[in-house]
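Okay, here's what each chain looks like letter by letter:
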Amino acid sequence: MATPNTPLWEVFIRSRNGLAHKHVGSLHASDATMALQAARDIYTRRGEGLSIWVVPSSAITASDPADKAMMFEPAASKIYRHPTFYEVPEEVGHM
Amino acid sequence: MVSNIQVSETPLVLYTLRRADDALVLGHRLSEWCGHAPMLEEDMALSNIALDLLGHARELYSYAAKVEGNDNEEDKLAYLRDVRQYRNLLLLEQPNGDFARTMVRQLFYSAFADLYWRAMTRSSDATLAAIAGKSEKESAYHLRHSCEWIIRLGDGTEESHARTQAAIEDLWAFTGEMFSVDDAERGLIDNGAAIDPAGLRQQWLTTISDVVGEATLTLPNTSWMQQGGRSGRHSEHLGHLLSELQYMQRTFPGLTW
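Residues numbered from 1 in each chain as written. Chains lettered and ligands numbered in written order. Predicted model: local features only at pLDDT ≥ 70, side-chain atom pairs only at ≥ 80, totals over all residues. Heavy atoms only, no water.

A word on the overall build of chain A
Along the backbone of chain A there are two helices and three strands. Along the chain direction, N to C, the helices and strands of chain A fall in the order β-β-α-β-α. With respect to the three principal axes, the spread of C-alpha positions in chain A is 50 × 40 × 20 Å. When the 95 residues of chain A are sorted by exposure, 23% land in the buried category. For chain A, contacts bridging at least 24 residues in sequence account for 43% of all contacts bridging at least 6. Each charge class in chain A can be summarised by its mean position, and for the 9 positive and 10 negative side chains these summaries are 5 Å apart. (Helix = DSSP H or I, 4+ residues; strand = E, 2+ residues; numbered from the N terminus. Buried < 20%, exposed > 50% of the residue type's maximum accessible area, 1.4 Å probe, protein only. Contact = heavy atoms within 4.5 Å. Lys, Arg positive; Asp, Glu negative; His and termini not counted. Charge placed at Lys NZ, Arg CZ, Asp CG, Glu CD.)

Rendered as structure tokens:
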């Protein structure tokens, strides 16, 4: 029942042992402060996170689904780009 | 119909029951918004707060039951006492009304609860101090949540401003009861188990005045305050609330699920 002029926000959460914020979903809120509060209430109820980012959905520039073939298919045939042919020494740790 | 239990209200039992009833009654009121809040995000927020309060109530009821030492466990204390045996603040049983009214009630209480439970972490009663330690983090968030809403509602549209102002005027007379102390509690205050809420009043008023001012709203000038909840004299609203809250246990005694 959110009114049409309530902006949409994208929510990113960094989990307890995560290194990066991950996109978890979106919500409606009147401004950034309220968005942060709502994100806390909706997306961290079960201890999912230690840090939250909210970003106005309107700030996101997305790729056009129609460009999918041009954008992503060329990578499919280039398996040599995957680092699966190397052994990572244990000392390197988390990559 | 299951008959009411009798509770031996020693000062510590009575004190603990009063705070447990506060948490249960307000938690129940907030749970009434579940599925009805103005937006999904707020539906979740209000349910979260309701669950915080329910958890708080359970700890307090368990402790009251332990202190009393009869066989009145937490469920019996919640479900098998009648209106006149409930000891909550009148403010907390007031109906939700519109969203503005719910938020004003929440602001008035959370601003108090935040100060109160923070001070109670220094209680000489180890259990109450531990319960306070858990509660103060929750009530700090409840306060922030209601502050942000009051500021936006008051400084929002003409309609949201008018509704919030009306709620402040209607609920103001129920705020005095939070700071009153009777003989039963005086003893606990003297021995350090409880704190004197009168000492929190000025700080509470400062918090409320700041938020209300920022929201372009005003506080009433009236100083007459409604009392009665702490000794079981309630408004007509609590009976209706309890009839819903207690229905299952009254109809199917001892039901568990």
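Looking at the environment of A:F85
Residue and element names in this part refer to chain A. Mapped onto the elements, F85 comes out in the segment after helix 2 (68-76). The exposure class assigned to F85 is exposed, which follows from its relative accessible area of 58%. Apart from residues no more than four positions distant in its own chain, F85 is found in contact with I79 and Y80.

Remarks on the packing of helix 5 (residues 99-120) of chain B against helix 6 (residues 126-154) of chain B
The N-to-C vectors of helix 5 of chain B and helix 6 of chain B enclose an angle of 145 degrees; their axes lie 7 Å apart at closest approach. The handedness of the crossing between helix 5 of chain B and helix 6 of chain B is left-handed. (Axes fitted to C-alpha atoms, helices over the stretch in contact; angles between N-to-C directions. Left-handed = near helix turned anticlockwise from the far one by under 90°.)

Some thoughts on the confidence of the model for chain B
It should be kept in mind that the predicted coordinates are not to be read in detail where pLDDT is low. Here chain B averages 96 in pLDDT, while 100% of its residues score no lower than 70. Both scores are given for the predicted complex: the pTM is 0.90, the ipTM 0.82. (pLDDT = per-residue confidence, 0-100.)

Describing the nonpolar core
Within soluble globular proteins, side chains that are nonpolar tend to cluster in buried spots. Counting residues in each nonpolar core, the largest one holds 92 residues, and the members touching the most others are A:L27, B:Y61, B:Y86, B:F108, B:Y109 and B:W204. If you tally residues by element for this core, the top one is helix 5 of chain B, at 15 residues. Once residues within four sequence positions are removed from consideration, B:F108 is found in contact with B:L91, B:I168, B:L171, B:W172, B:T175, B:M178, B:W204 and B:I208. (Core = buried A, V, L, I, M, F, W, Y, C linked by side-chain atoms within 4.5 Å.)

Details of the sheet that holds strand 3 (residues 51-56) of chain A
All names here are of chain A. Overall, antiparallel pairing links the three strands, which are arranged 2-1-3 in an open sheet. Every interior strand has two partners, whereas the edge strands, strand 2 (22-28) and strand 3, have only one. Within this sheet the neighbouring strands show an average axis-to-axis angle of 30 degrees, counted without direction. As paired strands, strand 1 (residues 8-14) and strand 3 are joined by six bridges and run antiparallel to one another. In the sheet register, V11 faces strand 3, and the bridge partner there is V54. Seen against the sheet, helix 1 (residues 32-43) touches strand 1, strand 2 and strand 3 and runs at an angle of roughly 115 degrees to strand 2. (Pairing = 2+ DSSP bridges.)

Here's the deal with the interface of chain B and chain A
Accessible area lost on assembly of the parts is the figure often given for the size of an interface. Taken together, the contact between chain B and chain A spans 15 residues of the former and 14 residues of the latter. Both sides together, the interface formed by chain B and chain A hides about 1300 Å², and carbon and sulfur atoms give 55% of it. Considering only the side of chain B, the residues that lose the most area to chain A are B:E41, B:Y141 and B:R152, jointly responsible for 41% of the buried surface there. Of the charged contacts, one joins B:R152 and A:D31 as a salt bridge, the two residues approaching to 2.6 Å between their closest N and O atoms. Looking at the side of chain B that touches chain A, the elements with two or more residues in it are helix 2 (40-68) and helix 6 of chain B. By residue class, the composition of the side of chain B that touches chain A is nine nonpolar, two polar and four charged. (Buried area = accessible area lost by both parts, 1.4 Å probe. Salt bridge = Lys/Arg side-chain N within 4 Å of Asp/Glu carboxyl O. Nonpolar A, V, L, I, M, F, W, Y, C, P; charged D, E, K, R; others polar.)

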